[in-house]
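Examination of the molecular architecture
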Amino acid sequence: MCGIVGYVGLRPALPILVNSLQRLEYRGYDSCGIALCGGHLEVFKDTGRIGDLSSQLTSNGYSMGIGHTRWATHGKPSQANAHPHTDCSGRIAVVHNGVIDNYLELRTQLIREGHTFRSETDSEVIAHLVEKHHEGSLESAVAAALAEVKGSYAIIVVAADCQYMVVARHENPLIIGVGYRENLVASDVPAVLDYTNKVIYLEDGDLATESRNTVKVSSGGKEQKRNCDHIPWSIEEAQKGGYEHFMLKEIHEQPKAITETLRGYLSHVEPQVNLGIEVPAGIDDVLLLACGSSYHATLIGKQVFEALTGMPTRVEMASEFIHASPVLRRTWVIAVTQSGETADTLMAIKKAKMLGGKTLAVTNVVGSSITRIADQCFYTRAGPEISVAATKTFTTQLIALYLLALAWPDVGAKFKSTIVQDLGRLASKVQRLLNDESEIAQQGETLAAFDNVLFVGRGINYPVALEGALKLKEISYIHAEGYAAGELKHGPFALLTPRTPVVAVAALDNTRESFLANIREIKARESPLLAIADERDTEINKYVDCVVRVPGVEPLLTPVINTVALQLLAYFAAWKRGCEIDLPRNLAKSVTVP
Ligand code: M6R
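Residues numbered from 1 in each chain as written. Predicted model: local features only at pLDDT ≥ 70, side-chain atom pairs only at ≥ 80, totals over all residues. Heavy atoms only, no water.

**Points about the overall build of the chain**
Within the chain one finds 18 helices and 27 strands. Relative to the globule expectation of 25 Å for 594 residues, the C-alpha radius of gyration of the chain, 25 Å, shows essentially globular dimensions. Reported as C-alpha extents along the three principal axes, the dimensions of the chain are approximately 80 × 55 × 45 Å. Scored against the burial criterion, the 594 residues of the chain give a buried share of 60%. (Helix = DSSP H or I, 4+ residues; strand = E, 2+ residues; numbered from the N terminus. Rg over C-alpha atoms; globule rule 2.2 N^0.38 Å. Buried < 20%, exposed > 50% of the residue type's maximum accessible area, 1.4 Å probe, protein only.)

So, in structure tokens, the structure goes:
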């Protein structure tokens with residue numbers, strides 16, 4: 001997730017912009033840049049850290065400027081792709097957070113009109129559009145430019161000859177920091193807290209101008225009054241958006257992350273999925289490769305692929321695949337890794353390529369190592385994930401796999417239509433689950449008292465049970481295992497006692513009858529039983545001790561909603577145990593050693 005900052009006042013802008021950008025470093029970034037403004041523009045940008053960039057800068061005579069930390073989405077991390085972006089004349093500079101869906105169309109049109117582009121980014125079109133419309137005020141030029149843009153944005157625009165900044169937002173956060181004879185703007189509160197704790201939260205569709213002494217907000221061309229809030233948080237609290245841990249913040253970011261992963265790909269008019277990714281011609285099967293949580297996502301992906309496309313699909317743990325003697329004929333190999341840097345997955349995809357497989361990487365990190373190996377890439381756009389435990393990167397991997405299956409030629413129209421519609425509603429259902437987490441929190445705190453927990457599921461929710469168990473053991477250090485519910489009687493039954501709670505991931509699908517039979521078997525062994533169940537399930541409470549209800553979705557999509565519930569369960573168990581949730585012992589966010 002990119003971070004943007006802007007300052008206008010009486011003090012030197014450079015150190016304030018540098019400090020504000022550093023306050024946004026927790027969001028993760030691959031490159032950064034600053035534009036200083038006053039009669040003319042000076043732009044400094046590069047890949048790497050803000051500290052390294054700022055150590056080379058001495059331009060201190062400016063009292064207005066903008067800054068950016070970039071988390072690449074279009075084009076690799078590079079100096080050219082870093083923000084700010086300027087127009088042809090170099091007199092207008094823009095920083096942008098978000099995704100411009102129609103940038104290719106706009107770029108083609110602008111090039112035809114004589115504009116020269118210097119980057120591969122979607123964001124640069126904004127600078128050129130503002131230039132194109134810059135006849136009167138900068139404010140009206142920005143409004144005219146944004147009228148042509150489809151997508152999401154938070155932007156700050158400055159022009160060499162203008163003494164104010166123009167800022168605007170649509171579906172991306174932007175706050176104004178109101179100071180004494182100075183004003184700031186940023187993606188998030190921590191960036192302004194060193195200078196002011198008075199903040200205006202802009203709303204979607206707002207466009208504002210900020211000079212040293214004034215802030216004027218308008219929407220749809222009409223001036224608006226927005227409240228100025230007082231922020232009582234410390235910097236540290238503010239970086240976590242008021243959440244106690246990054247993990248909880250990232251769990252709560254999932255509705256937004258899911259929306260971003262889907263953005264621009266679904267058409268509801270005639271249910272269509274267009275990803276711009278080519279399914280290689282003449283393939284006979286699909287092989288999914290991954291590790292850890294990403295491996296669990298591929299186990300779900302296998303079932304989705306087979307249900308929707310009928311294409312034989314197998315899954316291999318990347319760490320095992322590297323020692324195997326696999327046979328790949330006309331196989332499409334899809335490697336899934338949030339970081340794009342997992343050594344086992346990189347070795348596995350290289351091996352698959354060597355064996356003649358056509359390769360696709362599903363990753364969250366543009367420019368990561370896997371993107372330089374795979375033939376094609378699909379980006380999950382979840383934004384940076386700081387907590388070691390995968391949460392929003394996992395659910396967005398699932399979304400990516402649904403999209404890849406739906407984009408397949410020949411998916412049945414009726415089935416496709418139902419799934420596409422339900423995918424479109426998924427983010428709001430996840431939001432509804434998150435809005436009322438009190439029951440899950442209580443159940444999580446109850447689990448904290450046990451040393452062993454089993455998770456069970458069937459069908460597409462079996463890998464969800466595996467993921468629930470991984471999450472719990474990873475952050476709470478409670479021993480947890482996931483099983484296919486039908487497998488318990490083949491051994492794990494020996495573990496069932498009143499001191500071994502079982503979390504049952506229930507679904508209203510074709511596994512229902514056999515799953516209920518498994519639940520009864522568990523109950524007979526006196527294990528405390530907690531079910532995660534669809535809110536429309538009127539029967540499950542007869543068989544279990546407690547139920548956490550989740551919003552109902554199409555059976556194929558239940559892994560997303562059920563996993564979010566299990567993430568919360570693990571989080572609250574770990575919280576109750578006082579664990580160091582974001583940095584569990586012995587674990588790293590990117591496992592770059594084989
Ligand atoms: O970056 P990757 O998706 O390749 O990482 C794979 C695993 O290391 C990762 O999913 C790990 O299991 C998570 N920490 C689990 O929460």
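Next comes the rest of the description.
**Quick word on the pattern of salt bridges**
Side-chain pairing between opposite charges can occur once the charged atoms of the two side chains come close. One pass over the structure, following the stated rule, counts 30 salt bridges. Residue arginine 263 is joined to aspartate 101 by a salt bridge in which the shortest nitrogen-to-oxygen separation is 3.8 Å. Linking arginine 263 in the loop between α8 (254–262) and β16 (266–267) with aspartate 101 in the loop between β6 (92–100) and α3 (103–112), this pair joins segments that are 162 residues apart in sequence. Among the ionic pairs, arginine 169 bridges to aspartate 204, the shortest N-O distance being 2.7 Å. Here aspartate 204 lies in the loop between β11 (198–201) and β12 (206–210) and arginine 169 lies in strand β8 (residues 165–170), a separation of 35 residues in the sequence. (Salt bridge = Lys/Arg side-chain N within 4 Å of Asp/Glu carboxyl O.)

**Section: helix α16 (residues 462–476)**
Structural remark: α-helix, 3.6 residues per turn; residues separated by three or four positions point the same way. Compared with an ideal rise of 1.5 Å per residue, which puts 15 residues at 21 Å, α16 spans 21 Å between its outermost C-alpha atoms and is within 8% of the ideal. Of all the positions in α16, only Pro463, Val464, Ala465, Leu466, Glu467, Gly468, Ala469, Lys471, Leu472, Glu474, Ile475 and Ser476 are classed as buried. (Expected span 1.5 Å × (residues − 1).)

**Some details on the sheet that holds strand β18 (residues 285–290)**
Spatially, the 5 strands line up as an open sheet ordered β19-β18-β20-β21-β22, and their pairing is parallel. Pairing within the sheet leaves two strands with one partner each, and these edge strands are β19 (313–317) and β22 (376–379). Geometrically, the sheet is characterised by an average inter-axis angle of 20° between neighbouring strands, direction not taken into account. Along the sheet face, helix α13 (residues 392–406) touches β18, β20 (331–337), β21 (358–363) and β22 and points at about 160° away from the line of β20. (Pairing = 2+ DSSP bridges. Axes fitted to C-alpha atoms, helices over the stretch in contact; angles between N-to-C directions. Contact = heavy atoms within 4.5 Å.)

**Concerning the site of the ligand**
Close to the ligand lie 14 residues; Ser294, Thr337, Ser339, Thr342 and Glu474 are nearest. One of the side-chain N or O atoms of threonine 337 is found 2.7 Å from an oxygen atom in the ligand. Measuring from an oxygen atom of the ligand, one finds a side-chain N or O atom of lysine 471 at 2.9 Å. Within the complex, 91% of the 410 Å² of free accessible area of the ligand lies under protein. Per-element tally for the shell around the ligand: the top contributor is helix α9 (residues 292–309), with 3 residues. Of the residues assigned to the shell around the ligand, the class counts are 5 nonpolar, 7 polar and 2 charged. (Near = heavy atom within 4 Å. Polar contact = N/O pair within 3.5 Å; in protein donor to acceptor, adjacent residues only side chain to side chain. Areas by Shrake-Rupley, 256 points an atom, 1.4 Å probe, with all protein chains shown as cover. Nonpolar A, V, L, I, M, F, W, Y, C, P; charged D, E, K, R; others polar.)

**A word on the packing of α16 against helix α18 (residues 558–576)**
The angle between the axes and the distance between the axes are what describe a pair of packed helices. It is the contact of α16 with α18, at a shortest axis distance of 9 Å, that shows an interaxial angle of 20°. By the criterion of interaxial angle, the relationship of α16 to α18 is roughly parallel. Like other packed secondary-structure pairs, α16 and α18 cross with a definite hand, here right-handed. For the pair α16 and α18, the contacting residues are Val464, Glu467, Gly468, Lys471, Leu472, Ile475 and Ser476 in the first and Pro559, Asn562, Thr563, Leu566, Gln567, Ala570, Tyr571, Ala573 and Ala574 in the second. (Parallel < 35°, antiparallel > 145°, perpendicular 65-115°, else oblique. Left-handed = near helix turned anticlockwise from the far one by under 90°.)

**With respect to the side chain of arginine 226**
Structurally, arginine 226 can be placed in the loop between β14 (222–224) and β15 (229–230). Here aspartate 206 takes part through its side chain, which lies 2.8 Å from a polar atom of the side chain of arginine 226. Setting aside residues up to four positions removed in sequence, arginine 226 forms contacts with Ile200, Tyr201, Glu203, Asp206, Val217 and Ser219.

**Some thoughts on the nonpolar core**
Ranked by size, the top nonpolar core spans 87 residues in total, and within it Ile334, Leu403, Leu404, Leu423 and Phe455 carry the most contacts. Of the residues forming this core, the biggest block, 12 residues, is contributed by α18. In this structure, this core is formed jointly by two domains, domain 2 (241–434) and domain 3 (436–580), each of which donates at least three residues. Not counting the four nearest positions on each side in its chain, leucine 403 is found in contact with Thr261, Leu262, Tyr265, Leu266, Val273, Leu275, Phe378 and Leu423. Residues Tyr7, Leu17, Phe44 and Phe246 belong to the second largest nonpolar core, which totals 30 residues. (Core = buried A, V, L, I, M, F, W, Y, C linked by side-chain atoms within 4.5 Å. Domains from an automatic or database assignment.)

**Overview of the domain arrangement of the chain**
Taken domain by domain, the chain consists of domain 1 (3–237), domain 2 (241–434) and domain 3 (436–580). The straight-line distance from the C-alpha centre of domain 1 to that of domain 2 is 32 Å. The partner domain 2 presents 14 residues to the 17 residues of domain 1 that form the contact. Seen at the junction of domain 1 and domain 2, the total is 2 salt bridges. One salt bridge in this structure joins glutamate 171 and arginine 263, with 2.4 Å as the shortest N-O distance. Applying the counting rule to domain 1 against domain 2 returns 2 residue pairs in polar contact (both at pLDDT 80 or more). Classifying every residue of the side of domain 1 that touches domain 2 gives 6 nonpolar, 6 polar and 5 charged.

**Examining α13**
Look at α13: 21 Å from first C-alpha to last across 15 residues, which is about the 21 Å you get at 1.5 Å a residue. Buried residues dominate α13, accounting for 15 of its 15 residues.

**Examining the packing of α13 against α18**
Close contact between α13 and α18 brings their axes to 10 Å; oriented N to C, the two are set at 175°. When the interaxial angle is binned, α13 and α18 end up roughly antiparallel. Together, Phe394, Thr395, Leu398, Ile399 and Tyr402 of α13 and Pro559, Val560, Thr563, Val564 and Gln567 of α18 make up the contact between the two elements. The class makeup of the residues in the contact of α13 with α18 is 7 nonpolar, 3 polar and no charged.

**Here we look at the environment of glutamine 56**
Looking at the secondary structure, you find glutamine 56 in the loop between α2 (50–54) and β4 (64–70). Sequence separation between glutamine 56 and phenylalanine 44 is 12 residues, and the spatial gap between their C-alpha atoms is 9.3 Å. Polar contacts involving the side chain of glutamine 56 include one to the main-chain carbonyl oxygen of aspartate 52, which spans 3.2 Å.

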